[in-house]
Amino acid sequence: MKKAQICELLYKKELAEGIFDFRIKSGEMADVAKCGQFLHIDCGDGTLLRRPISICDVYDDVVRFVFEVKGKGTKALAQKKVGDTLDVLGPLGHGFDINDDYQSPVIVGGGIGIFPLYQLSKLVNNPAVYLGFRSANRVVMEDEFKSVAENTQIATDDGSYGFKGYAAELLKKHLDEKPCDIIYSCGPMPMLRAVKKIAEDYGAKCQLSLEQRMGCGIGACLVCSCETKREGTEKYAKVCKDGPVFWADEVTLND
Ligand code: FES
């Protein structure tokens, strides 16, 4: 069983209102972390449950994660200062299938789901990256994605920046015009449903990283169950332990 580690906060920056970029020192985690895994963080300040936050990047002995303040826990986390320590469990879960055989991957992200896709964009061959945000003032990490994936395009729901519409629409356009041997996606459930449907319609392989409420983070409490069609397993999988990344045809994305 994994043990929590006490990690020093080395860097902190607010990328947009309420969206924080944190980098912590942990050689042990940095050595073993796989792209798409997550951390389970004790946010302190009286919050009982840890919060699951995806790993955004790993370099040297540093693990980077980016999160949005959404409630008491993440609000307390955002108050931490450089030099403070964090109690972190991880890396947890199963990450993305990264394979040199994939020559034309397409990456589709939405909202806070873009963060685990940054390291992925660095590690796969020449990806096309489509990132969706609500509006121009929520767009973050565009230059970073462009520096590792030349073909990065931004969409905003209200058209205030980039393509007007959803990242999934850009995926469909891509599949109409260009090759794709795998789709990777992370974001809000309506977007994942759209991506899964498009992948089915076009017969494309697809991996989805699910965002789910969690309790224990290690497969013990069943809070994070999701319906699955995985052969040889139970009908319900645990997103924390069996995921968060699943093949799209293995999971049922209920309303
Ligand atoms: Fe407890 Fe997944 S969070 S089983």
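Note that the structure is predicted; figures quoted are calculated from it, not measured. (Residues numbered from 1 in each chain as written. Predicted model: local features only at pLDDT ≥ 70, side-chain atom pairs only at ≥ 80, totals over all residues. Heavy atoms only, no water.)

### Here's the deal with the overall build of the chain
Secondary structure assignment for the chain yields seven helices and 16 strands. In terms of overall size, the chain behaves like a compact globule, its C-alpha atoms giving a radius of gyration of 17 Å where 255 residues would be expected to give roughly 18 Å. A burial count over the chain gives 51% of its 255 residues as buried. In the chain, once contacts between residues fewer than 6 apart in sequence are set aside, the share between residues at least 24 apart is 60%. For the chain, the exposed area adds up to about 12100 Å²; of that, 47% sits on carbon and sulfur atoms. Side chains of the chain give 33 positive and 37 negative charges; the mean places of these two sets differ by 5 Å. (Helix = DSSP H or I, 4+ residues; strand = E, 2+ residues; numbered from the N terminus. Rg over C-alpha atoms; globule rule 2.2 N^0.38 Å. Buried < 20%, exposed > 50% of the residue type's maximum accessible area, 1.4 Å probe, protein only. Contact = heavy atoms within 4.5 Å. Areas by Shrake-Rupley, 256 points an atom, 1.4 Å probe, with all protein chains shown as cover. Lys, Arg positive; Asp, Glu negative; His and termini not counted. Charge placed at Lys NZ, Arg CZ, Asp CG, Glu CD.)

### A look at the packing of aromatic side chains
In total, this model carries seven aromatic pairs according to the counting rule given. Judged by centre distance (5.7 Å) and plane angle (55 degrees), the rings of Phe22 and Phe65 are tilted. In this pair, Phe22 is assigned in strand S2 (residues 19-25) and Phe65 in strand S6 (residues 62-68), connecting sequence segments 43 residues apart. Taking the relative accessible area as the measure of exposure, Phe22 reaches 0% and is therefore buried. When its relative accessible area of 0% is taken as the criterion, Phe65 is described as buried. Note on Phe96 and Tyr184: the rings are 5.6 Å apart at their centroids and 85 degrees apart in plane angle, and the pair reads as edge-to-face. Here Tyr184 lies in strand S12 (residues 182-186) and Phe96 lies in the loop between strand S7 (85-92) and strand S8 (105-110), a separation of 88 residues in the sequence. Note on accessibility: Phe96 and Tyr184 belong to one class, buried. Site record: aromatic cluster; members linked through ring pairs are Phe20, Phe22, Phe65 and Phe67. Stacked on the ring of Tyr11, the Lys or Arg Arg23 has its end atom at 4.3 Å from the ring centre. (Phe/Tyr/Trp six-rings, centres within 6.5 Å; stacked < 30°, edge-to-face > 60°. Lys NZ or Arg CZ within 6 Å of the ring centre and 35° of its normal.)

### Examining the sheet that holds strand S3 (residues 38-42)
What the seven strands build is an open sheet, ordered S4-S3-S7-S1-S2-S6-S5; its pairing is antiparallel. The open sheet has two free edges, formed respectively by strand S4 (51-54) and strand S5 (57-59), since each of these has just one partner strand. Recorded for the sheet is a direction-independent mean angle of 35 degrees between the axes of neighbouring strands. Pairing of S5 with S6, which is carried by three bridges, proceeds in the antiparallel orientation. In the sheet register, Val58 faces S6, and the bridge partner there is Val63. In this fold helix H3 (residues 116-123) packs onto S4, S5 and S6, with an angle of close to 60 degrees to the strand it touches most, S5. (Pairing = 2+ DSSP bridges. Axes fitted to C-alpha atoms, helices over the stretch in contact; angles between N-to-C directions.)

### Here we look at the pairing of S12
Within S12, five of the five residues are buried, leaving the element largely enclosed by the surrounding structure. Side-chain alternation along S12 places Ile182, Tyr184 and Cys186 on one buried face and Ile183 and Ser185 on a second face that is also buried. The pairing of S8 with S12 spans five bridges and is parallel. Paired with Pro105 across the two strands is Ile182, which belongs to S12. The pairing of S12 with strand S13 (residues 206-209) spans four bridges and is classified as parallel. Bridging from a neighbouring strand, Ile183 pairs with Cys206 of S13.

### Re the nonpolar core
Of all hydrophobic cores here, the largest spans 33 residues; its most connected members are Val108, Leu171, Ile183, Val195, Leu208 and Leu210. For this core, the secondary-structure elements that each account for two or more residues are S7, S8, strand S9 (128-133), helix H5 (167-177), helix H6 (189-202), S13 and helix H7 (239-242). In contact with Leu208, not counting residues within four places along its chain, are Ser185, Leu192, Val195, Lys196, Pro244, Val245, Phe246, Ala248, Val251 and Leu253. Grouped together as the second largest cluster of nonpolar side chains are 27 residues, Ala16, Cys56, Tyr118 and Ala149 included. (Core = buried A, V, L, I, M, F, W, Y, C linked by side-chain atoms within 4.5 Å.)

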